[in-house]
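Structure assessment
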Amino acid sequence: MPTKTTKTRKSKTRAKARKNLVIVESPAKAKTIEKYLGRNYHVIASKGHVRDLPKSQMGIDFENDYQPKYISIRGKGDTIKELKNEAKKAKEVYLASDPDREGEAIAWHIAHILKLDENAKNRVTFNEVTKDAVKESFKHPRSINMDTVDAQQARRVLDRIVGYSLSPILWNKVKKGLSAGRVQSVALKLVIDREQEIKKFQPKEYWTIDAEFTLDSKTFKSSFYGVDGKKKELNNIEEVQAVLAKIDKKAEFKVEKVVASERRRQPVAPFTTSTMQQEANKRLGYRTRRTMSIAQQLYEGISLGKEGTVGLITYMRTDSKRTSPVAQQEASKFLTETYGAEYAAKSQRHFKNQEDAQDAHEAHEAIRPTSVYRTPDSLKDVLTTEQYRLYRLIWSRFVASEMTPAVYDTIRADIVQNGVLFRTIGSKMKFAGFTKVYNNKEEKNSSLPSLQENDLVKLTKSDNKQHFTLPPARYTEASLVRALEENGVGRPSTYAPTIDTIQRRYYVKLEGRSIVPTELGEIVDQLIEEFFPDIVNIDFTAQLESDLDSVEEGKKNWIKVVDEYYQPLKKELDTASSKIEKIQIKDEPAGFDCDICGAPMVIKLGRYGKFYACSRFPDCRNTKPITKKIGVVCPKCQKGEVVEKKSKKNRKFYGCSRYPECDFVSWDQPVGRNCPNCDHYLVQKKSKKALVVLCPNGDYREEAKEDADE
């Protein structure tokens with residue numbers, strides 16, 4: 001029987017047993033991973049980067065191969081102290097930051113602060129926060145990939161050089177608080193170029209002739225195609241009348257040709273960061289930053305009750321379309337069990353990545369659910385509405401990518417009289433395939449009667465319409481992300497912050513979902529384009545992104561890439577300050593006088609847009625927001641009018657014109673009527689297809705009108 005002394009000695013030994021330390025980026029992820037790894041591991045978070053370039057200076061040693069002068073980030077002292085203290089007590093230290101360039105750089109910086117051996121095999125990465133994936137990753141630790149770190153360093157150094165070189169010029173020549181950047185300047189140029197296209201656009205007239213034919217009492221629609229077997233454009237009413245003059249509306253038309261075929265529509269690839277942001281914007285109305293925030297929550301883990309906290313999706317910053325064979329096999333099994341074997345793809349799919357996609361590491365995958373058996377409906381009770389909607393989108397997109405094609409029976413019929421050819425196309429779904437789960441197009445079944453060649457049909461109606469070609473559409477956040485990706489500008493981690501920056505700087509503003517350049521944005525773009533053309537040269541910027549990929553692949557030296565980019569910029573910087581004249585943004589007369597000193601008020605351009613200010617500034621500091629009346633009496637005081645205002649973050653809201661006497665405020669626009677059930681004022685909200693009038697208390701709802709998004 002062991003003595004009391006023996007028991008005490010054993011308990012002390014147990015207490016002194018050292019644990020392995022794991023450092024991740026997020027506190028939420030730290031808790032989850034510690035549960036997976038067990039009692040021999042202690043997991044803490046660095047909460048992002050711990051070292052960076054100083055904010056007070058350039059922080060680049062130009063005389064010493066562009067070496068960055070890293071310092072500990074202000075406010076991270078306690079975190080760094082905790083990391084050092086825990087590392088001293090640890091048996092081993094593992095660096096488990098995110099599986100991308102930023103994550104690799106964070107691991108390298110932490111290794112430097114903790115004085116770890118950079119060649120030690122202490123780096124672990126996992127593409128999903130699940131028990132199996134995390135445990136498997138710790139079986140295969142590796143050393144820090146310095147090629148990946150160098151790619152991140154090169155990007156950081158170049159962004160600092162561009163930002164800290166151009167921004168002071170903008171402050172001095174235009175106004176304080178402005179900035180320029182490698183990717184944001186290209187994004188701004190894309191928006192402004194599109195706006196110029198719209199302004200220069202000349203609409204072109206064209207006409208269509210739609211017809212309705214009948215065969216055996218069955219009616220079907222058709223459209224004018226051409227004359228004498230050749231396609232013909234109708235450019236004016238005279239050409240329309242010439243075609244109609246050839247037709248005898250009382251005589252029958254002949255079905256000259258019928259072509260029946262089977263069409264297959266293939267599923268699209270699972271999400272990359274870009275395509276997820278685009279679809280979430282189009283389908284859910286989510287801004288890019290909001291989408292990434294929700295995706296981060298789904299990746300880091302959601303509490304599923306007895307199952308514990310589990311990451312529901314794979315890493316959300318990726319431009320790879322690849323998915324693991326294990327995930328594909330699970331999807332095939334799920335589809336066979338749920339829908340039948342005919343819905344599961346017969347072989348594993350391989351979607352082709354874009355040429356410049358960062359898929360150097362095998363760990364890089366498309367965004368997918370960590371298990372297809374966690375269906376959206378099974379998780380509805382544990383997810384917020386936003387989390388549920390985005391998870392459902394990701395889940396259905398991935399599952400569909402592993403399904404069979406949708407199959408359609410199609411018929412094309414040419415209907416002719418006196419050389420005038422009408423063409424009709426019918427389509428009917430034969431097999432739903434992947435559309436049973438995810439459909440990225442509106443399906444319109446247009447079945448036709450059983451048409452045979454030489455059938456005679458009657459014209460029952462014809463309608464000729466005048467149309468005009470439309471200008472290109474303004475960018476939305478979704479289409480701007482797509483444009484940046486298609487042009488090879490930026491990477492998954494940069495899309496959301498880039499679009500956010502050009503809005504915060506008031507270079508662009510949102511009108512509905514459309515991105516519109518401001519006067520300030522046009523001034524900044526014109527200045528950069530004139531004096532720093534390479535900064536806004538899309539091909540030049542895309543080539544740099546390609547060079548950074550080459551650094552990550554070990555094919556190029558990061559210092560050489562930085563030098564090749566900096567040398568032409570240096571020449572432009574040397575002459576820019578002397579050549580650029582100070583730009584005065586003129587104040588517009590407001591049309592009324594200051595109610596404090598009586599001087600004329602003017603319209604000034606500020607950080608968040610235009611506002612009224614006294615012309616005697618700074619002697620008189622009276623300012624007023626520019627408000628827009630909406631024709632509704634204040635529902636609170638019944639004396640003032642409701643006006644539209646903008647918050648400091650440029651968000652629209654509604655308040656009483658008598659503020660501060662009346663403090664009425666609402667994010668939603670009041671409509672001037674009260675709820676018939678509870679007498680609360682009604683507001684209008686935009687849904688996807690309509691403008692909805694409702695009671696904030698939930699007691700009343702009505703559809704207002706269609707196409708509210710426009």
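Keep in mind it's a predicted model, so treat the numbers as computed, not measured. Every residue gets a number counted from 1 within its own chain, in the order that chain's sequence is written. The model is predicted, so local features are restricted to residues of pLDDT at least 70 and side-chain atom pairs to those at 80 or more, both for listing and for counting; the totals for chains, interfaces and linings are taken over all residues. Just so you know, side-chain values use all the structure's heavy atoms and leave hydrogens and water out.

A short note on the domain arrangement of the chain
Quick reminder of the rule: For the domain bounds, the source is a domain assignment made automatically or taken from a database.
Parsing the chain into structural domains produces domain 1 (20–144), domain 2 (153–201 + 479–579), domain 3 (205–266 + 406–468) and domain 4 (273–402). For domain 1 versus domain 3, the distance between C-alpha centres works out to 63 Å.

Some thoughts on the environment of V240
Defined as follows: Note on conventions: DSSP H or I runs of at least 4 residues are helices, E runs of at least 2 residues are strands, and numbering of each starts at the N terminus. Note on contacts: a residue pair is in contact if any heavy atoms of the two residues lie within 4.5 Å.
Within the element layout of this structure, V240 appears in helix α8 (residues 237–245). With 41 residues separating them along the chain, V240 and K199 place their C-alpha atoms 30 Å apart. Leave out the neighbours within four places in its chain, and V240 touches W207, I209, L234 and N464.

Re the environment of Y299
Spelled out, the test is: Each residue is placed in one exposure class: buried if its accessible area under a 1.4 Å probe, protein chains only, is under 20% of its type's maximum, exposed if it is over 50%, and partly exposed if it falls in between.
Here Y299 shows up in helix α10 (residues 288–300). On the basis of relative accessible area, Y299 is assigned to the buried category, the value being 0%. On a C-alpha basis, the gap between Y299 and T130 in space is 9.6 Å, while along the polypeptide they are 169 residues apart. In contact with Y299, other than residues within four places in its own chain, are K29, D98, P99, F126, N127, E128, V129, G311, I313, T314, Y315 and M316.

Here's the deal with the UniProt feature "active site" (unreviewed entry) in the chain
The line we're drawing: UniProt positions are given in the numbering used here, feature names are shortened, and annotations may be inferred rather than shown by experiment. Polar contact is the term for a pair of N or O atoms within 3.5 Å; when the atoms are in protein, one must be able to donate a hydrogen and the other to accept it, and sequence-neighboring residues count only if both atoms are side-chain atoms.
The feature "active site" (unreviewed entry), as given by UniProt, occupies Y315 in the numbering adopted here. Position of Y315 relative to the elements: it lies in the loop between β13 (309–310) and α11 (325–338). Here D98 takes part through its side chain, which lies 3.3 Å from a polar atom of the side chain of Y315.

Re a positive patch on the surface
Selection rule: Without a salt bridge and with relative accessible area above 30%, a residue can belong to a patch; like charges are then joined within 9 Å and nonpolar side chains (Val, Leu, Ile, Met, Phe, Trp, Tyr) within 5 Å. Method for areas: the Shrake-Rupley scheme with a 1.4 Å probe, in which residue coverage is limited to the protein chains shown. Any Lys or Arg side-chain nitrogen located within 4 Å of an Asp or Glu carboxyl oxygen qualifies as a salt bridge. In this tally Asp and Glu are treated as negative and Lys and Arg as positive; neither His nor the chain ends contributes. For this purpose, a charge sits on NZ of Lys, CZ of Arg, CG of Asp or CD of Glu.
On the surface, a cluster of positive charge is contributed by K628, K646, K652 and K686. Within the fold, K628 resides in strand β23 (residues 628–633).

Concerning the sheet that holds strand β7 (residues 93–95)
Test applied: DSSP-based pairing: two strands are paired if at least 2 bridges between them are found. Note on definitions: angles span 0 to 180 degrees between N-to-C directions of axes, and those axes are lines fitted to C-alpha atoms, for helices only across the stretch in contact.
Read from one edge of the open sheet, three strands run β2-β1-β7, paired in parallel fashion. If you trace the sheet from one side to the other, it starts and ends with β2 (41–45) and β7, each paired once. If you compare each strand with its neighbour and ignore which way they point, the axes differ by 25 degrees on average.

Things to note about the pattern of salt bridges
Across all of its chains, the model carries 41 salt bridges by this definition. Here R101 ties to D549 by a salt bridge, and the two come within 2.5 Å at their closest N and O atoms. Residue R101 is found in helix α4 (residues 101–113), and its partner D549 is found in helix α17 (residues 538–552); the two are separated by 448 residues along the sequence. The partner of R182 in a salt bridge is E545, and the shortest N-O contact between them spans 3.5 Å. Taken together, the residues R182 in helix α7 (residues 182–200) and E545 in helix α17 connect sequence positions 363 residues apart. In this pair, the class of R182 matches that of E545, namely buried. Each of E102, R155, D159, R182 and E545 takes part in one network of salt bridges that share partners.

Here we look at unusual backbone geometry
Along the chain, F617 connects to P618 via a cis peptide bond; the corresponding omega equals 10 degrees. Residue P660 follows Y659 across a cis peptide bond; omega there is 10 degrees. Residue placement: P660 occurs in the loop between β25 (652–656) and β26 (665–666). Positive phi is not limited to glycine here, since K47 has a value of about 55 degrees. Tracing the backbone through its elements, the reader meets K47 in the loop between β2 and β3 (51–52).

Points about the nonpolar core
In plain terms, the rule: Think of a nonpolar core as a cluster: buried Ala, Val, Leu, Ile, Met, Phe, Trp, Tyr and Cys residues, connected wherever their side-chain atoms sit within 4.5 Å.
Ranked by size, the top nonpolar core spans 80 residues in total, and within it I23, L166, L480, F532 and L569 carry the most contacts. In terms of residues, this core owes the most to one element, helix α6 (residues 146–173), which gives 10 residues. Two domains each put at least three residues into this core: domain 1 (20–144) and domain 2 (153–201 + 479–579). Counting 60 residues, the second-largest nonpolar core is a separate cluster that includes A45, L335, A344 and V372.

As for helix α18 (residues 558–579)
The condition is simple: One fewer than the residue count of a helix, multiplied by 1.5 Å, yields its expected span. At every residue, the bend is computed as the angle between two fitted axes, covering the seven residues ending there and the seven beginning there respectively.
Compared with the 32 Å implied by 1.5 Å per residue over 22 residues, the 32 Å span of α18 between its first and last C-alpha is a close match. Roughly 30 degrees is the biggest bend found in α18, and it falls at Y566, with proline P568 one to four residues downstream. Looking at the buried positions of α18, the neighbouring elements they touch are β5 (67–68), α6, α7, α16 (519–531) and α17. Among the residues of α18, the N-terminal cap falls to N557, whose side-chain oxygen and the backbone nitrogen of I559 are separated by 2.9 Å.

Details of helix α9 (residues 273–284)
Each full turn of the α-helix corresponds to 3.6 residues, which orients residues three or four apart in the same direction. Taking 1.5 Å of rise per residue, 12 residues should cover 16 Å, and α9 covers 16 Å from first to last C-alpha, within 8% of that figure. Extensive coverage of α9 is indicated by the burial of 10 of its 12 residues. For α9, the set of buried residues is T273, S274, T275, M276, Q277, Q278, E279, A280, N281 and L284. Among the residues trailing α9, G285 stands out with phi positive, at a value near 75 degrees.

Points about the sheet that holds β26
Strand order across the open sheet formed by four strands is β23-β24-β25-β26, with antiparallel pairing between neighbours. Each edge of the open sheet carries a strand with a single partner, namely β23 and β26. Note that strand β24 (residues 641–646) and β25 share five bridges and pair antiparallel. Bridging from a neighbouring strand, K645 pairs with F653 of β25.

Some remarks on the packing of aromatic side chains
Defined as follows: Ring pairs shown here join Phe, Tyr and Trp side chains whose ring centres sit within 6.5 Å, with only the six-membered ring taken for Trp; geometry is labelled stacked below 30 degrees between planes, edge-to-face above 60, and tilted in between.
With the rule as written, the count across this model stands at 21 aromatic pairs. Where Y41 meets F138, the ring centres are 5.6 Å apart and the plane angle is 70 degrees; that geometry is what we call edge-to-face. Note that Y41 is positioned in strand β2 and F138 in the loop between α5 (131–137) and α6, a separation of 97 residues in sequence. A relative accessible area of 18% means that Y41 is categorised as buried. Residue F138 is classed as buried on the basis of its relative accessible area of 11%. A ring pair is formed by F253 and F422, whose centres lie 6.1 Å apart and whose planes are at 80 degrees; its orientation type is edge-to-face. Note that F253 is positioned in strand β11 (residues 253–265) and F422 in strand β15 (residues 420–431), a separation of 169 residues in sequence.

Observations regarding the side chain of K173
When you line up the elements, K173 lands in helix α6. Side-chain polar atoms of K173 contact the backbone oxygen of I580, separated by 3.0 Å. Residues in contact with K173, not counting those within four places in the same chain, are S577, I580, E581, K582 and I583.

Here we look at the pairing of strand β16 (residues 456–468)
Taken together, the 10 bridges between strand β8 (residues 205–215) and β16 define a ladder with antiparallel strand orientation. The residue bridging E212 from the neighbouring strand is K461, located in β16.

Things to note about the pairing of β2
Most of β2 sits out of view: four of its five residues are buried. As paired strands, strand β1 (residues 20–24) and β2 are joined by five bridges and run parallel to one another. From the neighbouring strand, L21 faces β2, where its bridge partner is H42.

Remarks on the confidence of the model for the chain
In plain terms, the rule: Values of pLDDT, which run from 0 to 100, indicate the predictor's confidence residue by residue.
A residue-level look at the chain finds 92% of positions with pLDDT of 70 or above and a mean pLDDT of 88. Looking across the chain, the model is least confident in helix α1 (residues 4–16), with a mean pLDDT of 48, and most confident in β7, with 97. Note that residues 5–15 has pLDDT below 50 and, in this model, zero contacts with residues that lie over four places away or in other chains. Across residues 704–710, where pLDDT falls below 50, the model places 16 contacts with residues more than four positions away in sequence or in other chains.

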